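# Structural description and commentary
Each chain, written out:
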Amino acid sequence: MKRITFLLAVATLAGVVALTIPVPGHADDAAPVYVTKIPAGYRDWKLISVSHEAGNLNSIGAVLGNDVAIKAYREGKLPYPDGTIIAALHYGHVPSAENNKVFGQAQSFVAGPATNIQFMVKDSTKYAATGGWGFATFIDGKPAPAASMKSCFPCHNQAKASDLVFTHYAP
């Protein structure tokens, strides 16, 4: 009887251990839905468009895409394929005294201090919970706090007709 009790105890303990060990590919191993590293070489990507955001943001920016993004934009391919990466480089804008002197009036603005860099990375498996896109904001080369990223998907999710992307290609 003692031997059966001992075997049941060992089997129970083994079952508890087996149930508590994380299994690769399951929720405990899930990747964050936010991009945590700046994609290499993004400053060499091609221009998709430029932007100006007024209001609280009051910024100008350049929207760049990797080769996968540029190909999809040019072909009008939606949804964007996995591997698409879009970068938005945002800057404050400041008057250009040098340019305004040439123009004879105040009319020229140029990029001022960088405010942030934002990325969208398409990986329909890794980022399934956020429409297939991973989002990121970097300030001074450091990732913004995860809590600040929670508004990305709900906002972009309103642009379902363009696969959650706001920027249109400027040919």
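Preceding this paragraph is the structure being described.
Let us look at the structure shown here. As the structure is a prediction and not an experimental result, all values here were calculated from the model.

Attention shifts here to helix 2 (residues 67-75). Among all positions of helix 2, only Ala69, Ile70, Ala72 and Tyr73 are buried. All buried residues of helix 2 fall inside an arc of 165 degrees around its axis, so they share one side. In helix 2, the exposed positions that point more than 90 degrees away from the buried face belong to Asp67 and Arg74. For helix 2, the secondary structure elements touched by its buried residues are strand 1 (46-53), strand 2 (59-65) and strand 3 (85-95). Of the residues one or two after helix 2, Gly76 is the one with positive phi, at around 65 degrees.

As a further point, take the sheet that holds strand 2. Taken together, six strands build an open sheet; the order of strands is 1-2-3-4-5-6 and the sheet is antiparallel. Either end of the sheet is taken by a strand with one partner, and the two such strands are strand 1 and strand 6 (142-143). As defined by bridge partners, strand 5 (residues 133-139) adjoins strand 6 across two bridges and the pair is classed as antiparallel. Bridging across to strand 6, Ile139 finds its partner in Lys142.

Each value, and the rule that gives it
- Residues numbered from 1 in each chain as written.
- Predicted model: local features only at pLDDT ≥ 70, side-chain atom pairs only at ≥ 80, totals over all residues.
- Heavy atoms only, no water.
- Buried < 20%, exposed > 50% of the residue type's maximum accessible area, 1.4 Å probe, protein only.
- Helix = DSSP H or I, 4+ residues; strand = E, 2+ residues; numbered from the N terminus.
- Arc of directions from axis to C-beta.
- Contact = heavy atoms within 4.5 Å.
- Pairing = 2+ DSSP bridges.

That is the geometry; function is a separate question.
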